[in-house]
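Residues per chain, in single letters:
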Amino acid sequence: MSIDAAAGTFRRSRTVPVHRALSGLMKDPVNTLAEIGRRAQGEVVRLELGLFRPYLVTHPDHVQQVLKSDWTNYRREGMFWRPLRRMIGASILGEDEPWESSRKVLQPLFTRRYIDSIAGEMAGVITSRVTELDEYALAGQQIDVLEEMSRIVNRAVLKVLFGDRITREEGERLAPAYDTAATSINFRLLMPFMPYSVRVPGDRSFMKAVRTVDDVVFPVIRNARADSGDGLDVISALCRVKGDDGTGLDDRQIRDNLVSVYGAASESTAMSLTWLWPLLDAHPGVAARLYEEIDRVVGAGPVAPEHLAELHYTRMVLQELLRLYPAGWILPRMAMKSAEIGGVRIKAGAQVLISPYSTHRLDEFWERPLEFDPERFAPGAHERMHRYAYFPFGGGSHQCLGKHLFYVEAPLMIAAILSRFRPQLATAGPYTPFPAASLRPREKVTLNLGPVRHGPGAAA
Ligand code: HEM
């Protein structure tokens, strides 16, 4: 074990050597990392994992430095990002030119005003997909939560991105391909130093998933390009873009951005909502308040955008859900130049791991941090909180574009489900966070939906 002891004015970073960290990191990497951060009480920690020696940065001041004040020095490059590039290409999820021009094009498409303008359509799509769950309820069959949340989110996100330009069959090929990509990348994320010349478990499935995505997306782009019209959907907007020199985006640039936004939007939302059901099961008081609010505001449904402003408790539940289970559980960066964080010297080329999951569990910033308690987000309760003690959507220049979309889509989904069913958890847990591209439970979560409560064809 070596200590990263920089001479002079720099402090020693705490270190966690490989023999102490590895077994925990193999068994439960997400909680092991969080525990390391908790024990260090927000100090910078160096993880000595053989060839891989990243810094874990959890203190909100340090997070702010990396994501906001010195963000140009901490780039989305290096071992963690490399495996993802094979799917997302050069896009908004990159740096420099592809990121800058993509952000300029995409940001106006995800404003509150724009999302509000399509919320009605989104509510319709969500309601119709949730209604399809009746067949499980009527047959008394359990649902696989992750699969069903992904299907509902997929339908809503496809509407935003592709409008009516993609068929249902094409759309339904995308979600499983992404799911395969998100999980088969795991080995490379855990062993980021492994060269690409060496084939590792998951590589073949990953590349097959990339081919499936390309087979679906490229033909849709070509059709949209032939008739981009004035459609509100994202693909039409990307086809219409003209740079200062009058040239537009080529098919590859459009593909890379669509694929990146689809991935960022669908996986994150679906995985977050998968965690909701075990939490409600374990907290019947929270579940009762949520049911009461949805019964009072939405009643027999269908849910509509007008209900959103009154779903206060639903929003608090979602905020607390994203505290405990932030889908973007780790935000890896590479230091470009040598720098200093919290008095610790960070050498050029070092990997810096920002982890919302870890920061959201620091005792120094949260009372009873491991408990699920939506009251933390009651009006006024969190106003004096450090901006970077809670950052499920990141921060600084790379801050998530989809925050508003999430807070429209997720309450609509929860309200659509709970106005129709009273789901009961069918599997006992406990659920371990699995470090895929978005945080997901390692164990399958299944639900009994119970009888259909409202609406046409109600059985209850
Ligand atoms: C639970 C829901 C979501 C969570 C927790 C989440 C989280 C995040 C986080 C932490 C980042 C910062 C990444 C970084 O700093 O490297 C990010 C970026 C991003 N998110 Fe989300 N996201 C969610 C939903 C969405 C949705 C619905 C969209 C759809 C538009 C979206 C689009 C993006 C994009 C395009 C970026 C990259 C922005 C940039 O680098 O300029 N996200 N997201």
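Since the model is a prediction, treat every value here as computed from it, not as a measurement.

A. Broad picture of the overall build of the chain. Of regular secondary structure, the chain possesses 17 helices and 13 strands. In terms of C-alpha radius of gyration, the chain reaches 22 Å, essentially the compact-globule figure of 23 Å for 460 residues. Principal-axis analysis of the C-alpha atoms gives the chain an extent of 75 × 55 × 45 Å. A buried classification covers 57% of the 460 residues belonging to the chain. Excluding contacts between residues fewer than 6 apart, the proportion of contacts in the chain whose partners are at least 24 apart in sequence is 72%. Approximately 19600 Å² of the chain is accessible, and the part contributed by carbon and sulfur atoms is 53%. Within the chain, one finds 57 positive and 54 negative side-chain charges whose respective centroids are separated by 6 Å.

B. Structural view of the layout of surface pockets. Taken as a whole, the second largest pocket spans an internal volume of roughly 600 Å³. Taken together, 26 residues line the second largest pocket, and the ones lying closest to its centre are Arg112, Arg315, Lys403, His404 and Tyr407. For the lining of the second largest pocket, the elements supplying multiple residues, two or more each, are α6 (112-131), α15 (312-324) and α17 (403-418). For the lining of the second largest pocket, the element with the highest residue contribution is α17, accounting for 5 residues. For the lining of the second largest pocket, the per-class residue count stands at 14 nonpolar, 7 polar and 5 charged.

C. Region of the structure containing the packing of helix α8 (residues 145-162) against helix α13 (residues 251-282). Between α8 and α13, the shortest axis-to-axis distance is 8 Å and the interhelical angle comes to 145°. Considering how the two elements wind past one another, α8 and α13 form a crossing that is right-handed. Contact with α8, carried on its side by Val145, Leu146, Met149, Ser150, Val153, Asn154, Val157, Leu158, Leu161 and Phe162, involves Leu258, Val261, Tyr262, Ala265, Ser266, Thr269, Ala270, Met271, Leu273, Thr274 and Trp277 of α13 and no other residues of that element. For the contact of α8 with α13, the per-class residue count stands at 16 nonpolar, 5 polar and no charged.

D. Layout of the confidence of the model for the chain. Overall, the predicted model of the chain reaches an average pLDDT of 89, with 94% of residues at or above 70. For residues 1-8, every residue scores under 50 in pLDDT, and the model assigns this stretch 18 contacts once sequence neighbours within four places are set aside. Note on residues 456-460: pLDDT is under 50 here. Beyond four places in sequence and across chains, it has 8 contacts.

E. Layout of the site of the ligand. Taken together, 28 residues lie around the ligand, and Arg76, Trp99, Arg103, Arg333 and Cys400 are the ones closest in. At 2.6 Å from an oxygen atom of the ligand is found a side-chain nitrogen or oxygen belonging to arginine 103. Secondary structure elements with two or more residues in the shell around the ligand: α5 (96-106), α13, β6 (331-335) and α17. In terms of residue count, α13 provides more of the shell around the ligand than any other element does, 6 residues in total. Of the residues that constitute the shell around the ligand, the class distribution is 17 nonpolar, 8 polar and 3 charged.

F. A look at the pairing of β6. Counted residue by residue, β6 has 5 buried out of 5 residues, so it is predominantly covered. Where burial is concerned, the two faces of β6 agree: the one with Leu331, Arg333 and Ala335 and the one with Pro332 and Met334 are both buried. When strand β4 (residues 74-75) meets β6, the two strands line up antiparallel, connected through 2 bridges. When the bridges of β6 are listed, tyrosine 74 appears paired with alanine 335.

G. Region of interest: the nonpolar core. In terms of nonpolar packing, the biggest core is built from 133 residues, with Phe110 and Leu258 touching the most fellow members. Here this core gets 14 residues from one element, more than from any other, and that element is α13. Residue contacts for phenylalanine 110: discarding those within four places in its chain leaves Ile115, Val160, Leu161, Val234, Val261, Leu401 and Leu405.

H. Local environment of the sheet that holds strand β10 (residues 424-425). Spatially, 3 strands are ordered β5-β13-β10 in an open sheet, and the strand pairing comes out antiparallel. Both edges of this open sheet fall to β5 (143-144) and β10, since each of them pairs with a single strand only. Of the pairings in the sheet, the one linking β10 to strand β13 (residues 446-448) comprises 2 bridges and is antiparallel in character. Of the residues in β13, the one forming a bridge with leucine 425 is leucine 447.

I. Examining the side chain of arginine 76 more closely. Within the secondary structure layout, arginine 76 lies in the loop between β4 and α4 (81-88). No salt bridge is formed by the buried arginine 76. Its closest oppositely charged neighbour is glutamate 95, at 4.1 Å. Separated by 3.4 Å, the side chain of arginine 76 and the backbone oxygen of leucine 93 make a polar contact. Residues in contact with arginine 76, not counting those within four places in the same chain, are Trp81, Arg85, Ile92, Leu93, Gly94, Glu95, Trp99, Pro332, Arg333 and His398.

J. Quick look at a positive patch on the surface. Together, Lys68, Arg112, Arg315, Arg387 and Lys403 line one region of the surface with positive charge. Topologically, arginine 315 is positioned in helix α15.

K. Quick look at the packing of aromatic side chains. Evaluation of the coordinates by the stated rule reveals 11 aromatic pairs. For the ring pair tryptophan 366 and tyrosine 390, a centre distance of 6.2 Å and an interplane angle of 70° mean the geometry is edge-to-face. Taken together, the residues tryptophan 366 in the loop between α16 (356-359) and α17 and tyrosine 390 in the loop between α16 and α17 connect sequence positions 24 residues apart. Tyrosine 390 shares its class with tryptophan 366; the two are buried. One aromatic cluster is present, formed by Trp275, Tyr325 and Tyr357 through successive ring pairs. Above the ring of tryptophan 366, the side-chain terminus of arginine 323 is found at 5.1 Å from the ring centroid. Directly above the aromatic system of tyrosine 388 lies the positively charged group of arginine 387, at a separation of 4.4 Å from the ring centroid.

L. A look at the packing of α8 against α17. Taken N-terminus to C-terminus, the directions of α8 and α17 make an angle of 135°; their axes are 11 Å apart at the nearest point. Put simply, α8 runs oblique to α17. Where α8 crosses over α17, the handedness of that crossing is right-handed. Residues Met149, Ile152, Val153, Ala156, Val157 and Val160 of α8 pack against Leu405, Glu409, Met413 and Ile417 of α17.

What counts and what doesn't
Residues numbered from 1 in each chain as written. Predicted model: local features only at pLDDT ≥ 70, side-chain atom pairs only at ≥ 80, totals over all residues. Heavy atoms only, no water. Helix = DSSP H or I, 4+ residues; strand = E, 2+ residues; numbered from the N terminus. Rg over C-alpha atoms; globule rule 2.2 N^0.38 Å. Buried < 20%, exposed > 50% of the residue type's maximum accessible area, 1.4 Å probe, protein only. Contact = heavy atoms within 4.5 Å. Areas by Shrake-Rupley, 256 points an atom, 1.4 Å probe, with all protein chains shown as cover. Lys, Arg positive; Asp, Glu negative; His and termini not counted. Charge placed at Lys NZ, Arg CZ, Asp CG, Glu CD. 1 Å grid on protein atoms, 1.4 Å probe; cavity = no way out; pocket = protein on both sides within 12 Å on 5 of 7 lines; lining within 4 Å. Points joined across faces, edges and corners; volume = space filled by probe spheres on them. Nonpolar A, V, L, I, M, F, W, Y, C, P; charged D, E, K, R; others polar. Axes fitted to C-alpha atoms, helices over the stretch in contact; angles between N-to-C directions. Left-handed = near helix turned anticlockwise from the far one by under 90°. pLDDT = per-residue confidence, 0-100. Near = heavy atom within 4 Å. Polar contact = N/O pair within 3.5 Å; in protein donor to acceptor, adjacent residues only side chain to side chain. Pairing = 2+ DSSP bridges. Core = buried A, V, L, I, M, F, W, Y, C linked by side-chain atoms within 4.5 Å. Salt bridge = Lys/Arg side-chain N within 4 Å of Asp/Glu carboxyl O. Patch = residues over 30% accessible without salt bridge, like charges linked within 9 Å, V, L, I, M, F, W, Y side chains within 5 Å. Phe/Tyr/Trp six-rings, centres within 6.5 Å; stacked < 30°, edge-to-face > 60°. Lys NZ or Arg CZ within 6 Å of the ring centre and 35° of its normal. Parallel < 35°, antiparallel > 145°, perpendicular 65-115°, else oblique.

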